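Structural characterization, general
Below are the chains, spelled out letter by letter.
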2 protein chains.
Amino acid sequence: MTLSLQYLGKLDGIDPLRKFRSAFALPEGIVYLDGNSLGALPVASAARVSDLITHEWGQGLVRSWSNHNWIEAPQRIGAKIARLVGARPHEVVVTDSVSVNLFKLVVAALRARASRRVVISEPGNFPTDLYVIEGAFDTLNAGHWLQLCARQSLLEAIDTETALVLLTHVHYKTAEVFDMHAITRRAHECGALVLWDLSHSAGALPIDLNGAEADLAVGCGYKYLNGGPGASSFLFVAERHQNALVSPLTGWLGHAKPFDFVDQYAPAPGVARFLCGTPSVLSLAALEVGVDLLLQADMTLVAAKSRRLGDILIELVASECGGFDLELVSPAEGHLRGSHVAFRHPHAYQIVRALIERGVIGDFRAPDVLRFGLTPLYLGYEDIGRAVFTLKEVLTKRLWDRPEYRVRATTT
Amino acid sequence: MTLSLQYLGKLDGIDPLRKFRSAFALPEGIVYLDGNSLGALPVASAARVSDLITHEWGQGLVRSWSNHNWIEAPQRIGAKIARLVGARPHEVVVTDSVSVNLFKLVVAALRARASRRVVISEPGNFPTDLYVIEGAFDTLNAGHWLQLCARQSLLEAIDTETALVLLTHVHYKTAEVFDMHAITRRAHECGALVLWDLSHSAGALPIDLNGAEADLAVGCGYKYLNGGPGASSFLFVAERHQNALVSPLTGWLGHAKPFDFVDQYAPAPGVARFLCGTPSVLSLAALEVGVDLLLQADMTLVAAKSRRLGDILIELVASECGGFDLELVSPAEGHLRGSHVAFRHPHAYQIVRALIERGVIGDFRAPDVLRFGLTPLYLGYEDIGRAVFTLKEVLTKRLWDRPEYRVRATTT
C-alpha cells in the first residue's frame, strides 16, 4: 500500500504549510476533522482576548471605543477578510451572525427587485438560509415564493421573474461547489441578484467575488477563519450596489451619524449601513487573530492542500474501508469539492460517536452523514491516515454498536 | 459644608455594598462615571473567558457545545437575568444586540396586532429604538406610522388604533423613568402591546415585568450588567404571548429542531423561537460573570444606593458649581430618576474632555449634555465628591477652554 503512515508523514515533512500547525493549540492525541464546524484555537487568540479584557476593557474602559479603535473593528476586519474572498476592502464588514446578515441582504435584495417575486435556492441548502428566506417572505408579505431547484437544473430555472438566487457556495453536507461565475453570469443576464453564502468556503477555497461580479455574500467567522465559537460573521455588498440597497435592520451603528443621536434614520454611505447594533468586541478580537493568521498563508497553497487532503482521505477510505456500506457523498473530483468529505452510512451517528471516543473528531449531519473537515493550516497528511485507520477499526470491530451511542446529543 | 470628602468616606465605610467594589478591576486614580455606557470589568471575567478559550474552545473544541453547555447559554443566562427584571426563568433569552432584538419584537408585535397601524414612542428616545421602528415599517410596508408623543401626553395618546407602545424605561440622556405599570395598564385597556427597552435600568433599578404585566422587553448586557463591550443583549416575551408571536429573524437556532436540518422552518416552542444564528459564546461567558455578580447583591440595596449617589451628586453640584451655567436635566426627585444624572451646559463636550483628562470619566451626549452614570456596585460616595470637586476646578479655572477639546472624537 502506497499511502502508509510513513509515506503520509513524509508528505507532512515537505508540506510548505506545516509551519502553521504550531500556531494552533491542538489537544494532544486528537485528530481534529471538524474545523469546518468550529475552527481550532490559534495560540495567539488567548493572549489577545486576555489583553483586550484586562487592558482595553478593564483599564481603558469606555475610552477604548476610540483609543483602541473598537469602533472601527467591523470595517478593519472586514477589509482583511476582503483579501480572502476577492473583494475590495470597503466591500466587507464584520457584524452579527450569518443568519442576521442573510436577513439583511435578502430583504434588501428583494426590495431592490420589487417587481419580481421569485427567490431561487436548492433543497437541502443549509437550513438557516432557507429559514431566513421564509422569515423574509412572511415579513415582506408581498407574495414572494421560493423555488427550490436541484443543482443540475438551477441555471435554467433562473429567468426574468427571478429576484434573487441564494446559494451556499460549498454545500455544508456534501461539499459540492457551485460555479460562482456561471451562476452569477446567468442571474445577471436575467436581471436577478445573487447572494452567496460562503460559510463553508471562506478561508479554505480561493474565492473571487469581484472576478465573478458577485452582488452579495455572507460568511461564517468560526469555521475556516478560526474566530472562535459564535464568532461574528461577515457580509459583502459589491460597491455598485452599496448606496442603492437599504438594510431592514436599521440599528444606530448603521446610521450616517450615529453619535449625533437624531430621531430620524439616515443610512451610512457604503457597506457601513449594514451594521446594526453594538458589535461584540470580544468576538471581533478573537476573529481578527484567526484572520490575521490566514492572511499569512498563500491561499493557493491552502486550496491545493485542501484538495490533496481530500483526495487522500477518499482514496484511503476506498482502499481500507471497502465493504462497510460507506458511500461517498462528496464529489471525487477535487475541483468540484470544498474542503470537507462526507460519507453516508446507516449507522453514521454511532460511528461518529465511536470515532470521537478514539480521538478522531468528525461530525454527524442528520440523517445519515459522516462529515470530515479538512483544514489545511493545522491538519497533516498523517492525521488523515490515522483517522482512516481508526475508522477501519471501528467498522471492522463494530465498535460503534453500543447502546449508549444510540442516544443523540446535540452539537453544532 | 456637610458633604465633605471626609463625610462621604464615612458613608462608604458603612455601605453594605462596599464589598462588591473589590470584585471589579478599576484603574487606579479613576472615578468611573460611565458604567451606564460600558460597565466596569469584573475581576472574575478575565479568568472565566481565558478558561473558556484555552480549555473549552482549545481543548474541548466542537465537543464543548454539549460538554460545556454552550448551546444552553442563551437560556441559562436568560433565566438569571429574569431574576433581575421580575420575569420567569423561561421568559428571557440572551442573544444578538439590542437593535436586532428590538426588530424581532417590533415586527412580531405588529403582526400580532395586524389590524392596527400606530406605534407610539417619544421624541428623543434612544435613536436605535426609533430607527428600528422605521426599518420595521419599511420592511412591513403596510402603512404603519409612528406617533412621537411628549411623555406628559403619552397616556392619553394610546388608543384603540395603537398596535404597540415602545419606550425606554429610563431615558438614556435625562434618566427620567416611565411608570411601567401605568403605561402598560393603559395600553392593555386599549388592546395594545408594550415593548420596554430596559437598557438603562436593568441591573440598577428594581424592575417588575410580571408585576406590571409587561408584554415584551429588551435590555443591554454591557451597561449595568457589566458583560463587556458589545455584550449580547436580552429579550423578554411574557409567557402568554410566546407561542402566538413569531420572529421575523427565523434563524436555525430558533427552530423547533435545529439539528434535524430540515428545509422547512418551524418555530421552537417558547421564547427560544427568538434565538436566531449561533450566539457569541465568548460574549455570553463574560456576560454571565457580570450577571452572577449582580445576583449576589440585594437589588433593594442597589436601587437605594443608586438613588442616594444621585441625590448627593445633585446636591454637591448645586452647592459647589453654582453660577457656571450647569442646568440639571434629570429629575431631582430620586423616585423619578434612573441611575445616572445629566446636566446641560453650552460647553458640555469640552468639559467632559477636561474631566476625563483629570481622571473623572463621565460622558457627553449630543448636543450639550454631560452625563454621569452611577453604578452602585463599584462606585463610592467619596468618588462622587472627588468628581464634583474636579468639575468645580474645571469650571472655575475654565480648564475646558482649550483648542484641542473642540475636535470631537466618537465614543459610545
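To keep things clear, this report deals only with the structure shown in the data block. As a convention, each chain's residues are numbered from 1 in the sequence order in which they are written. Each chain gets a letter, beginning with A, and each ligand a number, beginning with 1, in the order they are written. Whole-chain, interface and lining totals are the exception, using all residues; otherwise, since this is a predicted model, local features are given only for residues with pLDDT of at least 70 and side-chain atom pairs are given and counted only at 80 or more. Hydrogen atoms and water are omitted, and side-chain values are computed over all heavy atoms in the structure.

**Things to note about unusual backbone geometry**
Residues and elements named next belong to chain A. Here the bond from Ala-366 into Pro-367 is cis, since omega is 0°, no more than 30 degrees from zero. Only DSSP runs of H or I reaching four residues or more are called helices, and only runs of E reaching two or more are called strands; each is numbered from the N terminus. When you line up the elements, Pro-367 lands in the loop between strand 12 (363-365) and strand 13 (369-373). Not every positive phi belongs to a glycine, and Asp-96 is a case in point at roughly 60°. With respect to the helices, strands and loops of the structure, Asp-96 is situated in the loop between strand 2 (92-94) and helix 5 (98-112).

**Re the packing of helix 5 (residues 98-112) of chain B against helix 6 (residues 127-140) of chain B**
Residues and elements named next belong to chain B. Between helix 5 and helix 6, the least distance of the axes is 9 Å, while the angle of their chain directions is 50°. Relative to helix 6, the element helix 5 is oriented oblique. Our pair here, helix 5 against helix 6, has a crossing hand that is right-handed. In this structure, helix 5 contributes Ser-99, Leu-102, Phe-103, Val-106, Val-107, Leu-110 and Arg-111 to the contact, and helix 6 contributes Thr-128, Asp-129, Val-132, Gly-135, Ala-136, Phe-137, Thr-139 and Leu-140. Under the scheme applied, nonpolar residues are Ala, Val, Leu, Ile, Met, Phe, Trp, Tyr, Cys and Pro; charged residues are Asp, Glu, Lys and Arg; polar residues are all the others, including Gly. For the contact of helix 5 with helix 6, the residue count by class is 9 nonpolar, 4 polar and 2 charged. Only the stretch in contact is used when a helix axis is fitted, and all axes are lines through C-alpha atoms; the angle between N-to-C directions ranges over 0 to 180 degrees. Oblique is the label for every angle not falling under 35 degrees (roughly parallel), over 145 degrees (roughly antiparallel), or within 65 to 115 degrees (roughly perpendicular). Here a crossing is called left-handed whenever its near helix is offset anticlockwise from the far helix by less than a right angle, and right-handed whenever the offset is clockwise. Here, two residues are considered to be in contact whenever any of their heavy atoms come within 4.5 Å of each other.

**Digging into the packing of aromatic side chains**
Each Phe, Tyr or Trp ring (for Trp, its six-membered ring) is paired with any other whose centre lies within 6.5 Å, and the angle between the two planes then decides the class: stacked below 30 degrees, edge-to-face above 60, tilted in between. The full count for this structure, using the stated rule, is 27 aromatic pairs over all chains. Both rings, one in Trp-252 of chain A and one in Phe-259 of chain A, keep their centres 5.6 Å apart while their planes meet at 70°; by these two values the pair is edge-to-face. Burial classes: relative accessible area under 20% of the type maximum marks a residue as buried, over 50% as exposed, and values in between as partly exposed (1.4 Å probe, protein chains only). Among the residues examined, Trp-252 of chain A registers a relative accessible area of 4% and is labelled buried. Taking the relative accessible area as the measure of exposure, Phe-259 of chain A reaches 16% and is therefore buried. Between Phe-261 of chain A and Tyr-172 of chain B, the aromatic rings sit 5.5 Å apart at their centres with planes inclined by 25°, giving stacked as the arrangement. On the criterion of chain membership, the pair formed by Phe-261 of chain A in the loop between strand 8 (234-237) and helix 9 (281-295) and Tyr-172 of chain B in the loop between strand 5 (162-168) and helix 8 (180-189) is interchain, its members lying in two chains. Neither residue differs from the other here; Phe-261 of chain A and Tyr-172 of chain B are each classed as buried. Clustering of aromatic rings is evident, with ring pairs tying together Phe-126 and Tyr-172 of chain A together with Trp-252, Phe-259 and Phe-261 of chain B. Over the ring of Tyr-381 of chain A we find Arg-308 of chain A; its NZ or CZ atom is 5.8 Å from the centre of that ring. Two thresholds decide whether a charge sits over a ring: the Lys NZ or Arg CZ must be within 6 Å of the ring centre and within 35 degrees of the ring normal.

**Quick look at the sheet that holds strand 3 (residues 118-121) of chain B**
Residue and element names in this part refer to chain B. For two strands to be treated as a pair, DSSP must find no fewer than two bridges joining them. Taken in spatial order, the 7 strands of this open sheet run 2-8-7-6-5-3-4, and their pairing is mixed. With one partner strand each, in any of the chains shown, strand 2 (92-94) and strand 4 (145-148) form the two edges of the open sheet. Ignoring strand direction, the axes of neighbouring strands in this sheet form an average angle of 20°. Of the pairings in the sheet, the one linking strand 2 to strand 8 (residues 234-237) comprises 3 bridges and is antiparallel in character. Bridged to Val-94 within strand 8 is Phe-234. Its contacts with the sheet put helix 4 (residues 73-85) on strand 2 and strand 8, and the angle it makes with strand 2 is roughly 125°.

**Quick look at the side chain of Arg-151 of chain B**
As for its position among the elements, Arg-151 of chain B is in the loop between strand 4 and helix 7 (154-157). Polar contacts, as used here, are pairs of N or O atoms within 3.5 Å; protein pairs need one atom able to donate a hydrogen and one able to accept it. Residues neighboring in sequence count only if both atoms are side-chain atoms. At a separation of 2.8 Å, a polar atom in the side chain of Arg-151 of chain B contacts the side chain of Glu-122 of chain B.

Remember that the coordinates give geometry; whether it matters functionally is a separate question.
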